[in-house]
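Here is what each chain is made of, one letter per residue.
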Amino acid sequence: MPKAKSPQPPARSPTLDDSPSRIRCDVDFDRPGRQAAYLKAPQSRNTSGWGVVEIPIYVFNNGSGPTLLLTGGVHGDEYEGQIAVSRLAHTLDVGQIQGRLILIPAVNIPAALNGTRLSPIDGRDLNRCFPGNPKGTFSEMLAHFIDSRVLPHVDASVDLHTAGHSADCVPSTNMHYVADPAMRKKTMDAAAAFGAPYNVVFWGVDEGATLTSSVERRGILSVGTEIGGWGRVSVEGVRIGERGVRNMLRHLGMLSGKVDTKQRDGAKGTRHMMVRDAACYSFAPTGGIFEPRHVAGDSVDKGQSAGFLHFIEDLDHAPVEVYYGAAGVLWMASGPGRVQRGDCVAVVMQDYADPQQ
Ligand SMILES: [Zn+2]
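Notes on the structure follow. Quick caveat, the model's predicted, so the values are computed rather than measured.

## Digging into the overall build of the protein chain
Across its full length, the protein chain holds six helices and 19 strands. The C-alpha radius of gyration computed for the protein chain amounts to 22 Å, which stays within 12% of the reference 21 Å derived for 357 residues, consistent with globular compactness. Reported as C-alpha extents along the three principal axes, the dimensions of the protein chain are approximately 85 × 60 × 50 Å. Out of the 357 residues in the protein chain, the part that is buried amounts to 51%. Look at the contacts in the protein chain between residues 6 or more apart in sequence, and 71% of them connect residues 24 or more apart. If you sum the accessible surface of the protein chain, you get close to 16700 Å²; carbon and sulfur atoms cover 53% of it. Computed over 36 positive and 38 negative side-chain charges, the inter-centroid distance for the protein chain is 8 Å.

Next comes the structure, spelled out in structure tokens:
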């Protein structure tokens with residue numbers, strides 16, 4: 001009887017994670033101390049076929065403890081997170097922390113320097129490109145690097161956003177309704193420690209390709225923020241963001257001192273909210289100038305007027321009213337300005353209640 005061949009291990013199907021990144025990384029994530037360097041992402045352009053785009057990254061590594069990733073500027077027109085992460089990089093002494101801190105103040109540096117949500121290089125939203133593709137467009141290449149080269153080192157991630165140019169929002173953390181109850185509680189506790197006035201649990205639209213989704217797929221604790229908007233720098237948003245990132249270090253045991261979650265209205269801590277279904281979102285039924293009737297943080301009712309669309313170019317076109325589909329607190333409110341048909345002009349949040357209980 002011929003000797004049976006020993007079974008061969010099945011050929012591993014190539015995954016994107018196995019592909020070499022085209023981005024050069026000069027930091028050694030395991031080296032103790034403070035490192036400040038640039039990620040060098042290749043970009044062939046008219047002035048240089050071998051050009052690179054440099055993305056600042058800082059690694060603080062001291063003693064033992066978890067690894068926290070803080071990211072700002074995934075959208076370039078959201079400034080408070082870029083400021084909070086950058087200031088932490090310039091003011092923190094590595095000897096003060098226990099564990100490892102990875103700081104990328106402006107992940108999407110081309111968009112950050114351009115002051116836009118989308119990358120001026122490929123016109124893509126980086127936060128819709130995850131888990132990315134090393135052979136894809138610039139944004140896809142960058143998403144792949146973050147997912148495959150940075151996230152494997154990380155235990156907890158805080159990705160700082162605002163509502164960008166198109167809307168304003170009340171300062172808040174946010175998170176997905178994570179399926180695992182233990183992870184959900186851990187995430188809610190971390191968000192509460194960040195200490196924004198609100199934490200919003202939501203069932204997202206278009207969520208599969210976000211950084212948050214990549215973080216969650218890897219089993220890493222994920223908290224997001226929305227701490228400003230309308231394309232300006234919110235004084236309160238920066239205050240909440242700077243306090244929040246230090247609160248998070250304390251919550252994770254990486255920095256000494258007490259977490260401070262006191263709120264301006266006297267509340268001791270964060271109010272947990274949710275955006276549960278499509279009724280919480282109001283959309284422009286047609287393009288025009290949107291005139292909002294409330295500001296973020298206002299209480300609103302179901303069926304109440306959210307605002308009007310105006311058609312200043314058309315003698316015969318009367319204003320069109322837009323309504324709220326749910327009662328609650330206005331989380332995000334469109335700014336006065338031109339909107340397109342299908343733009344989201346209001347998002348309402350409600351007090352959190354676990355739907356499975
Ligand atoms: Zn954003």
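## Observations regarding the coordination of the zinc ion
At the metal site, the zinc ion is ligated by H75 (ND1), E78 (OE), E78 (OE) and H161 (ND1), and these contacts range over 2.1 to 2.3 Å. One can describe the donor arrangement at the zinc ion as irregular, given that its four donor atoms subtend angles of 58 to 148° at the metal. Read N to C, the donor residues that coordinate the zinc ion are spaced as H-x2-E-x82-H. Per residue, the accessibility class of H75 equals that of E78, and both read buried.

## Some thoughts on the packing of helix α4 (residues 181-194) against helix α6 (residues 235-251)
Between α4 and α6, the least distance of the axes is 7 Å, while the angle of their chain directions is 130°. Comparing their axes, α6 and α4 come out oblique. Contacts between α4 and α6 involve D189, A190, A193 and F194 from the first element and I240, G241, G244, V245, N247, M248 and H251 from the second. When its residues are assigned to classes, the contact of α4 with α6 shows six nonpolar, four polar and one charged.

## Structural notes on the side chain of T67
Here T67 is to be found in strand β4 (residues 67-71). By relative accessible area, T67 is classed as buried at 4%. Of the polar contacts made by the side chain of T67, one reaches the side chain of R100; its length is 2.9 Å. Beyond its immediate sequence surroundings of up to four residues, T67 is in contact with R100, I102, H153, V154, D155 and A156.

Calculation notes
Residues numbered from 1 in each chain as written. Predicted model: local features only at pLDDT ≥ 70, side-chain atom pairs only at ≥ 80, totals over all residues. Heavy atoms only, no water. Helix = DSSP H or I, 4+ residues; strand = E, 2+ residues; numbered from the N terminus. Rg over C-alpha atoms; globule rule 2.2 N^0.38 Å. Buried < 20%, exposed > 50% of the residue type's maximum accessible area, 1.4 Å probe, protein only. Contact = heavy atoms within 4.5 Å. Areas by Shrake-Rupley, 256 points an atom, 1.4 Å probe, with all protein chains shown as cover. Lys, Arg positive; Asp, Glu negative; His and termini not counted. Charge placed at Lys NZ, Arg CZ, Asp CG, Glu CD. Donors = N, O, S within 2.8 Å, 3.2 Å for Na, K, Ca; no water. Tetrahedral: all angles 85-135°; square planar, octahedral: opposite > 155°, others 65-115°. Axes fitted to C-alpha atoms, helices over the stretch in contact; angles between N-to-C directions. Parallel < 35°, antiparallel > 145°, perpendicular 65-115°, else oblique. Nonpolar A, V, L, I, M, F, W, Y, C, P; charged D, E, K, R; others polar. Polar contact = N/O pair within 3.5 Å; in protein donor to acceptor, adjacent residues only side chain to side chain.

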